[in-house]
Amino acid sequence: MSAFTETPSNGNAGFDGYDLVVVGSGFFGLTVAERAASQLGKRVLVLERRHHIGGNAYSEPEPETGIEVHTYGAHLFHTSNKRVWDYVNQFTDFTDYQHRVFAKYQGQVYSFPMNLGLINQFFGKSHSPDEARELIAEQASEIETSEAQNLEEKAISLIGRPLYEAFVRGYTAKQWQTDPKELPAGNIARLPVRYTFNNRYFNDTYEGLPVEGYTAWLEKMAEHPNIEVRLNVDYFDVRDQIPAGTPTVYTGPLDLYFGYSEGRLGWRTLDFEQEVVPTGDYQGTPVMNYNDQEVPYTRIHEFRHFHPEREDRHPKDKTVIVREYSRFANEDDEPYYPINTPDDREKLERYRELAKTEAKERNVLFGGRLGTYKYLDMHMAIGSALSMFDNKIAPHLTDGAPLDGSIDA
């Protein structure tokens, strides 16, 4: 089993003898570490600045109820990539959970994403699929998509004003802390409307939640005897102690690695307000979106509903809810979603150039959500890590192929 060091390294633990250093123990980092250890027999050191493994996918039981809570927001595993699915099934079994979301607007609850059920309920009339398409097309004709000047106009050109005002305007304003009229049209590529009653949130081939939870899955990935995980260790505190030339996979914030020399990249962050409430069922579903702008939070998670197969282990008179708030990240906040403004993209390109020069000298590769400044779902991070291992890490560790310092996604 891998070694987990719970206290910060004082430098005496040493950094010699490792074939690979991985900075960050999220899905990207652990996938790289596991492959190098199990497929190549290499010794891997994983450095994690938090007190726990797993990055933002970490979960733990709420003490009063025992209900598993996803500490950094709900994580739903889904993929159509069979290689990724086969890979993750080595470490966990999955439930048959299929994610479904509901949206609350002006005291009424609607099925979501926007589908035939929502259209019929919202407009108070039964529509066939063709009639619904015609209705939405007529409402969307108010604005030509090609002429949209901001997010509001773009959304109206796609789904019409009534659905936009009910299900997009308030939610978007809360997410971005900005009037949608002030957001660029390019922030949305499309707004899907299903002209069936299908309310499954994801369309992927494979979907489910880890039977024993995310932390058990992540610890299983790290248990190879060739992997050592050191918790509560900031890479930048020990970087100079790592032998020169040791190949390193860095999954922390890209701009932080370079000391913010090209400026800070913009992120949105999330705040969570957790509460144990005295009822066995608060909202009847895992996730309820709140689309009214005057409601300060964007959604409420009720985590017992993610695992109905555990109901006999959950209390009958208590449940855990988590209200989620979205805002722009300040310097000390945990980054979640890249904002990706034109200014951010210019900075990103400058950091990419630095990675090809400065980072290349240190044999550093960048990956994961923070390291590439791209929003990656879990399956995307794992797939990207597998590709990095195949195309860069394995050739380097086995044949000495040079690392090019590029930023993978």
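Every value quoted in this text rests on a predicted model; they were computed, and no experiment measured them.

For the protein chain, the helix and strand inventory stands at 13 helices and 17 strands. For 409 residues, the compact-globule estimate of 2.2 N^0.38 gives 22 Å, and the C-alpha radius of gyration of the protein chain, at 23 Å, lies within 12% of that figure. Judged by the C-alpha coordinates and their principal axes, the protein chain covers about 70 × 55 × 35 Å. Look at the contacts in the protein chain between residues 6 or more apart in sequence, and 74% of them connect residues 24 or more apart.

In this sheet, strand β8 (residues 108-112) lies alongside strand β7 (residues 101-105) in antiparallel orientation, the contact comprising five bridges. Counterpart to Ala103 in the pairing with β8 is Tyr110.

A separate point is the pattern of salt bridges. The full count for this structure, using the stated rule, is 25 salt bridges. Across the pair Arg323 and Glu275 runs a salt bridge, and its minimum N-O distance is 3.0 Å. Remark: Glu275 occurs in strand β12 (residues 267-277) and Arg323 occurs in strand β15 (residues 319-328); sequence separation between them is 48 residues. Under the relative-accessibility criterion, Arg323 is labelled buried at 14%. With its nearest N and O atoms 3.0 Å apart, the salt bridge here joins Arg299 to Glu324. Placement of the pair is Arg299 in strand β14 (residues 299-302) and Glu324 in strand β15, with a sequence separation of 25 residues. For Glu324, a relative accessible area of 3% puts it in the buried group. By sharing partners, the salt bridges in this structure join Arg49, Arg50 and Glu334 into a single network.

The next thing to look at is helix α1 (residues 27-40). Here α1 contains 14 residues, and its C-alpha end-to-end distance of 19 Å stays within 8% of the 20 Å for a straight helix at 1.5 Å per residue. Across the 14 residues that make up α1, a large majority, eleven, are buried. If you check which residues of α1 are buried, you get Phe27, Phe28, Gly29, Leu30, Thr31, Val32, Ala33, Glu34, Arg35, Ala36 and Ala37. Within two residues after α1, Gly41 carries a phi angle of roughly 70°, on the positive side.

Within a regular beta strand, the side chains point alternately toward one face of the sheet and then the other, so they alternate between its two faces. Neither face of strand β10 (residues 227-230) is left uncovered, since the one carrying Ile227 and Val229 and the one carrying Glu228 and Arg230 both have all their residues buried. Examined bridge by bridge, strand β3 (residues 44-47) and β10 share four bridges and lie parallel to one another. Within β10, the residue paired with Leu45 across the bridge is Glu228.

UniProt tags residues 166-375 as "domain: UDP-galactopyranose mutase C-terminal" (unreviewed entry). End-to-end, the C-alpha atoms of residues 166-375 are 26 Å apart, and along that stretch the chain is 24% helix and 21% strand.

Packing of helix α3 (residues 116-123) against helix α4 (residues 129-140) brings their axes to within 11 Å, and their N-to-C directions diverge by 65°. With respect to each other, α3 and α4 are oriented roughly perpendicular. Viewed along their axes, α3 and α4 form a crossing whose handedness is left-handed. Across the interface between the two elements, Leu116, Ile119 and Phe123 from α3 touch Pro129, Ala132, Leu135, Ile136 and Gln139 from α4. Residue composition of the contact of α3 with α4, grouped by class: seven nonpolar, one polar and no charged.

Looking at where Thr246 falls in the secondary structure, it is placed in the loop between α9 (235-238) and β11 (248-250). Sequence-wise, Thr246 and Gly17 are 229 residues apart; in three dimensions their C-alpha atoms are separated by 9.6 Å. Look past the residues within four positions of Thr246 in its chain and what remains in contact with it is Tyr18, Val21, Arg362 and Asn363. Within the structure, Thr246 has its side chain in polar contact with the backbone oxygen of Pro243 (distance 2.8 Å).

Once that is clear, we can look at helix α7 (residues 169-176). A turn of α-helix holds 3.6 residues, and therefore any two residues three or four places apart point the same way. Burial analysis of α7 places six of its eight residues in the buried class, the great majority of the element. For α7, the full list of buried residues reads Gly170, Tyr171, Thr172, Ala173, Lys174 and Trp176. Turning to α7, the residues buried within the fold contact α5 (151-159), α6 (161-167), β12, β13 (287-290), β14 and β15. One or two residues past the end of α7 sits Gln177, with phi positive at roughly 50°.

Here we come to the packing of aromatic side chains. Considering all chains together, one arrives at 34 aromatic pairs under this definition. With 5.9 Å between their ring centres and 50° between their planes, Tyr235 and Tyr250 make a pair best called tilted. You can see Tyr235 sitting in helix α9 and its partner Tyr250 sitting in strand β11, a full 15 residues away along the chain. For the pair shown, Tyr235 and Tyr250 are each scored as buried. Where Phe303 meets Phe306, the ring centres are 5.3 Å apart and the plane angle is 45°; that geometry is what we call tilted. For Phe306, a relative accessible area of 1% puts it in the buried group. Of the aromatic side chains, those joined through ring pairs into one cluster are Phe27, Phe77, Trp85, Phe94, Tyr206, Tyr214 and Trp217. A cation over an aromatic ring shows up here: Arg50 above the ring of Tyr72, its NZ or CZ 4.1 Å from the ring centre. Over the ring of Tyr260 we find Arg264, and its NZ or CZ is 3.7 Å from the ring centre.

Cut-offs used in this document
Residue positions are given per chain, counted from 1 along the sequence in the order it is written. For a predicted model such as this one, the threshold for reporting local features is a pLDDT of at least 70, and the threshold for listing and counting side-chain atom pairs is 80 or more; totals across whole chains, interfaces and linings nevertheless cover every residue. With hydrogens and water set aside, each side-chain value is computed from the structure's full complement of heavy atoms. Here a strand is any run of E in DSSP of at least two residues, a helix any run of H or I of at least four, and the numbering for each starts at the N terminus. We compute the radius of gyration over the C-alpha atoms and compare it with the globule rule, which gives 2.2 Å times the number of residues raised to the power 0.38. Any two residues whose heavy atoms approach within 4.5 Å at even a single point are treated as in contact. Only strands that DSSP links by at least two bridges are regarded as paired with each other. By convention in these notes, a salt bridge is any Lys or Arg side-chain nitrogen within 4 Å of a carboxyl oxygen on Asp or Glu. Think of it in three bands: residues with accessible area under 20% of the maximum for their type are buried, residues over 50% are exposed, and the middle band is partly exposed, with areas taken using a 1.4 Å probe on protein chains only. A helix's residues, less one, multiplied by 1.5 Å, set its expected span. UniProt positions are given in the numbering used here, feature names are shortened, and annotations may be inferred rather than shown by experiment. Axes here mean lines fitted to C-alpha atoms, for a helix over just the part in contact, with angles spanning 0 to 180 degrees between N-to-C directions. The cut-offs work like this: below 35 degrees is roughly parallel, past 145 is roughly antiparallel, 65 to 115 is roughly perpendicular, and the gaps in between are oblique. Put simply, a crossing is left-handed when the front helix is turned counterclockwise from the back one by less than a right angle, and right-handed when it is turned clockwise. Residues are sorted three ways: Asp, Glu, Lys and Arg are charged, Ala, Val, Leu, Ile, Met, Phe, Trp, Tyr, Cys and Pro are nonpolar, and all the rest, Gly among them, are polar. We call two N or O atoms a polar contact when they sit within 3.5 Å, provided that within protein one can donate a hydrogen and the other can accept it, with sequence-adjacent residues counted only if both atoms are side-chain atoms. Only centres within 6.5 Å qualify two rings of Phe, Tyr or Trp (six-membered ring in Trp) as a pair; their planes then separate them into stacked at under 30 degrees, edge-to-face at over 60, and tilted for everything else. Either the NZ atom of lysine or the CZ atom of arginine qualifies as a charge over a ring when it sits within 6 Å of the ring centre and within 35 degrees of the ring normal.

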